[in-house]
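# Results of the structural survey
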Amino acid sequence: MNVLMLPGWGMKGDVFSPLIAALQLKDVTIVEWESMRDVHHFLTKAEEALTAPSLVIGWSLGSLVALQLATHPYVTHLVCIGGTSRFTTTEHYDAGWHARIVERMKAQLIRQPNKTIQSFIDMLWGKEDAEPFPYMHHHIPDLLLGLDYLLATDVRNQLQRIRVPLLLIHGERDRICPPQAAQYIDERTNHCTFMLMPNVGHAPHITQPHACAHMIQTWLGGGRND
């Protein structure tokens, strides 16, 4: 099976290494959000990488792209890890961040990039000894466009059109995308399986790769996730 992986905000493909190893995958394509032109380039990059029938796995920002991609004829199965259909809140949707916080993060990223990135990483891991991602510090324009993408993209009205099997894996202690974001998707899609992992944050494919791999393999096999 071909697999297309879409990482989160500012992340490189190595964030999927633990999951790739646990799944023992061979045919993997990973899209990286570098040299981005505009907010539409995220979907365009993913579409250009999808050259054969594939399982698509998206994490965080990548899950939003994956949901945009869900009706593409080459998408056979879809996995969203720490996923959301809209990153910011609206009057009738509270499973996200307030847009003002994201705008403030953009301003801080320009003024104090190191501090802003470190704050995000601390929130991502939810612990003091957060693993650094030094390459993030060298791609500030791409990070800013990523935040613009999160502000602009809303796929909630596309959820009912998704016809492929969809697996949602979400950490109970996710501070980036709250579990309610995945629950919202689950309630509005067909052929959906929602797995909430207790005592896990925003990156279960890194912190619990074997558990995630077991969920995906069981789901693909048509069995039950116990």
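Residues numbered from 1 in each chain as written. Predicted model: local features only at pLDDT ≥ 70, side-chain atom pairs only at ≥ 80, totals over all residues. Heavy atoms only, no water.

### Looking at the packing of aromatic side chains
Where we set the bar: Pairing of aromatic rings covers Phe, Tyr and the six-membered ring of Trp, with a centre-to-centre limit of 6.5 Å; geometry is then stacked below 30 degrees between planes, edge-to-face above 60, and tilted otherwise. Comment: elements are numbered from the N terminus, with helices defined as DSSP H or I runs of at least four residues and strands as E runs of at least two. Each ring is checked for a lysine NZ or an arginine CZ that lies within 6 Å of its centre and within 35 degrees of its normal; such an atom marks a charge sitting over the ring.
One pass over the full model with this rule turns up five aromatic pairs. Relative to W97, the ring of F87 lies with its centre 5.1 Å away and its plane at 45°, an arrangement referred to as tilted. With F87 in the loop between β4 (75–81) and α4 (99–111) and W97 in the loop between β4 and α4, this pair connects stretches of sequence that are 10 residues apart. Members of the aromatic cluster, connected to one another through ring pairs, are W33, F42 and Y149. Against the face of Y93 rests R156, its NZ or CZ located 5.0 Å from the ring centre.

### Considering the packing of α4 against helix α5 (residues 113–125)
Defined as follows: Where helices are involved, their axes are fitted lines through C-alpha atoms of the stretch in contact, as for all axes, and angles between N-to-C directions lie from 0 to 180°. To sort the angles, those under 35 degrees are grouped as roughly parallel, those over 145 as roughly antiparallel, those from 65 to 115 as roughly perpendicular, and the leftovers as oblique. Whether two residues are in contact is decided by their heavy atoms, any of which lying within 4.5 Å being enough. Gly counts as polar in this scheme, as do all residues outside two lists: the nonpolar Ala, Val, Leu, Ile, Met, Phe, Trp, Tyr, Cys and Pro, and the charged Asp, Glu, Lys and Arg.
It is at 5 Å that the axes of α4 and α5 come closest, and there the two elements cross at 130°. When the axes of α4 and α5 are compared, the pair comes out oblique. From α4, M105, Q108, L109, I110 and R111 reach across to α5, where they touch P113, T116, I117 and F120. Each residue belonging to the contact of α4 with α5 can be placed in one class, and the counts come to six nonpolar, two polar and one charged.

### Comments concerning the pairing of strand β5 (residues 166–171)
Going by this rule: Each residue gets one of three labels from its accessible area relative to the maximum for its type: buried under 20%, exposed over 50%, partly exposed in between, using a 1.4 Å probe on protein chains only. Pairing between two strands requires that DSSP report at least two bridges joining them. A clockwise path from the first strand over the helix to the second, with the strands pointing away from the viewer, defines a right-handed crossover.
With six of six residues buried, β5 is to be regarded as a mostly interior element. Going residue by residue along β5, you find L166, L168 and H170 tucked away on one face and L167, I169 and G171 tucked away on the opposite face as well. Here β4 pairs with β5 via four bridges, running parallel. What sits directly across from C80, in β5, is L168. In the sheet, β5 pairs with strand β6 (residues 192–197) via six bridges, with the strands oriented parallel. Each bridged residue has a counterpart across the sheet, and for H170 the counterpart in β6 is L196. With helix α7 (residues 179–187) bridging β5 and the parallel β6, this β-α-β connection has right-handed handedness.

### Quick look at the environment of I140
Secondary-structure assignment places I140 in helix α6 (residues 140–152). Considered as a pair, I140 and I117 are 23 residues apart in the sequence and their alpha carbons are 9.7 Å apart.

### Points about the sheet that holds β6
Picture the strands of a sheet paired through backbone hydrogen bonds; they go either parallel or antiparallel. As summarised here, the arrangement of the six strands in space is β2-β1-β3-β4-β5-β6, forming an open sheet in which the pairing is parallel. Single-partner strands in this sheet number two, and they are β2 (28–30) and β6. The sheet shows a mean angle of 15° between the axes of neighbouring strands, taken without regard to direction.

### Quick word on the side chain of T218
Rules: The definition of a polar contact used here is a pair of N or O atoms within 3.5 Å, where within protein one atom must be able to donate a hydrogen and the other to accept one, and adjacent residues in sequence count solely through side-chain atom pairs.
The topology assignment puts T218 in helix α9 (residues 209–220). A residue is classified by how much of its surface remains accessible, and T218, at 15% relative accessible area, is buried. Of the polar contacts made by the side chain of T218, one reaches the backbone oxygen of H214; its length is 2.7 Å.

### Let's talk about the pattern of salt bridges
The cut-off we apply is this: By salt bridge we mean one thing: a side-chain nitrogen of Lys or Arg within 4 Å of a carboxyl oxygen of Asp or Glu.
With the rule as written, the count across this model stands at seven salt bridges. For E32, the salt bridge identified is with K12, shortest N-O distance 3.7 Å. With a gap of 20 residues between them, E32 in the loop between β2 and α2 (41–49) and K12 in the loop between β1 (2–6) and α1 (17–23) connect regions that are remote in the sequence. Judged by its relative accessible area of 27%, E32 falls in the partly exposed class. Residue K106 is joined to D148 by a salt bridge in which the shortest nitrogen-to-oxygen separation is 2.6 Å. Pair noted here: K106 is in helix α4 and D148 is in helix α6, with a separation of 42 residues, a long-range link. A relative accessible area of 25% means that D148 is categorised as partly exposed.

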